[in-house]
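Working through the structure, step by step
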Amino acid sequence: EAGVAQSPRYKIIEKRQSVAFWCNPISGHATLYWYQQILGQGPKLLIQFQNNGVVDDSQLPKDRFSAERLKGVDSTLKIQPAKLEDSAVYLCASSLGNRLTDTQYFGPGTRLTVL
Amino acid sequence: GESVGLHLPTLSVQEGDNSIINCAYSNSASDYFIWYKQESGKGPQFIIDIRSNMDKRQGQRVTVLLNKTVKHLSLQIAATQPGDSAVYFCAENLPYNNNDMRFGAGTRLTVKP
């Protein structure tokens, strides 16, 4: 079974530029998550989708971050404009459903460096 | 070898020894906990979970212990192997906040051959 796919794997931009990340979850997984992982820290949830609806975006900095999952499959996360403190690995995860015990499967992440 | 999670983020053990990784979680209302393993350049990988109505759960070579009295979680790895070298995170579920899983800072385990 293919895992969660993310692209690009690496991205370097200058502050105030825009950037977008793409995620393709495991086939059949209804729930999709975006996490931000700053170096030396654990992942922090940014947004959770159930199919194409947002379940939780309470920790998403909505002034600059946006995410969509229009057809309930692939998702994109955008940062506009980027700040230095946005340098991090952006992880996408998916799970079969949103029950507590539905295991989240993570992709390899996109490492963003903002100069 | 044993670590104290956030206070000692690095644990080094000899191959074949048992490892104990500790985690102090933040909220007494948390009802579900997961240990993840993250290798360099990869996303976290589920290892084992435990509900708050249990105090011990065993998997293959791994055991998780939960002490709700002191809000402490530990991961024991038996006969540690070089492939176990990674960063280990504990995560707690906050049931009052949309079942938000909150990750700790992690402990880096290094296995010496």
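Preceding this paragraph is the structure being described.
Residues numbered from 1 in each chain as written. Chains lettered and ligands numbered in written order. Predicted model: local features only at pLDDT ≥ 70, side-chain atom pairs only at ≥ 80, totals over all residues. Heavy atoms only, no water.

A word on the sheet that holds strand β6 (residues 62-67) of chain B
Residue and element names in this part refer to chain B. Applicable threshold: What makes two strands pair is DSSP finding at least two bridges between them. Counting from the N terminus, the helices are the DSSP runs of H or I reaching at least four residues and the strands are the DSSP runs of E reaching at least two. Helix axes use the C-alpha atoms of the stretch in contact, all axes being lines fitted to C-alpha atoms, and the angles between their N-to-C directions lie in the range 0 to 180 degrees.
Here four strands make up an open sheet; going across it, the order is β2-β7-β6-β5 and the pairing antiparallel. If you trace the sheet from one side to the other, it starts and ends with β2 (19-24) and β5 (56-58), each paired once. Geometrically, the sheet is characterised by an average inter-axis angle of 15° between neighbouring strands, direction not taken into account. Two strands pair when backbone bridges link them, and β2 and strand β7 (residues 72-77) are joined in this way by six bridges, in the antiparallel orientation. When the sheet's bridge partners are listed, N22 is paired in β7 with S74.

Concerning the interface of chain B and chain A
Condition: A contact between two residues is defined here by any heavy atoms of the two lying within 4.5 Å. A quick way to say it: buried area is the sum, across both parts, of accessible area lost when two parts are put together, with a 1.4 Å probe. Three residue categories are used. Nonpolar comprises Ala, Val, Leu, Ile, Met, Phe, Trp, Tyr, Cys and Pro, charged comprises Asp, Glu, Lys and Arg, and polar comprises the others, including Gly.
Residue-level contacts link 21 residues of chain B with 19 residues of chain A. When the two sides are added together, the surface that chain B and chain A hide from each other amounts to roughly 1,500 Å², 52% of it contributed by carbon and sulfur. Sort the elements by how many residues they give to the side of chain B that touches chain A and strand β9 (residues 100-103) of chain B lands first, with four residues. Taken together, the residues that form the side of chain B that touches chain A break down as eight nonpolar, eight polar and five charged.

So, the sheet that holds strand β3 (residues 19-24) of chain A
All names here are of chain A. Spatially, the four strands line up as an open sheet ordered β1-β3-β8-β7, and their pairing is antiparallel. Pairing within the sheet leaves two strands with one partner each, and these edge strands are β1 (5-7) and β7 (65-68). Between one strand axis and the next, the sheet turns by 15° as a mean value, whatever way the strands run. In this structure, β7 lies alongside strand β8 (residues 75-79), joined through four bridges in antiparallel fashion. Within the sheet, the bridge partner assigned to F65 lies in β8 and is I79.

Quick word on the packing of aromatic side chains
This is how the line gets drawn: Whether two aromatic rings pair depends on their centres lying within 6.5 Å, for rings of Phe, Tyr and Trp, where Trp uses its six-membered ring; planes under 30 degrees apart make the pair stacked, over 60 edge-to-face, and the rest tilted.
Here the structure, examined in full by the defined rule, presents 10 aromatic pairs over all chains. Between F106 of chain A and Y36 of chain B the ring centres are 5.7 Å apart and the planes differ by 90°, which places this aromatic pair in the edge-to-face class. With F106 of chain A in strand β10 (residues 105-106) and Y36 of chain B in strand β3 (residues 32-38), this pair bridges two chains. One aromatic cluster in this structure is built from Y33, Y35 and F106 of chain A together with Y36, F89 and F103 of chain B.

Some thoughts on the pattern of salt bridges
Residue and element names in this part refer to chain A. So the rule is basically this: Any carboxyl oxygen of Asp or Glu within 4 Å of a side-chain nitrogen of Lys or Arg constitutes a salt bridge here. In this scheme, a residue with accessible area under 20% of its type's maximum is buried, one over 50% is exposed, and one in between is partly exposed, where area comes from a 1.4 Å probe on protein chains only.
Across all of its chains, the model carries six salt bridges over all chains by this definition. Where D57 meets K62, a salt bridge forms, and the shortest distance between an N and an O atom there is 3.7 Å. R99 serves as the salt-bridge partner of D102, at 2.9 Å between the closest nitrogen and oxygen. On the basis of relative accessible area, R99 is assigned to the exposed category, the value being 56%.

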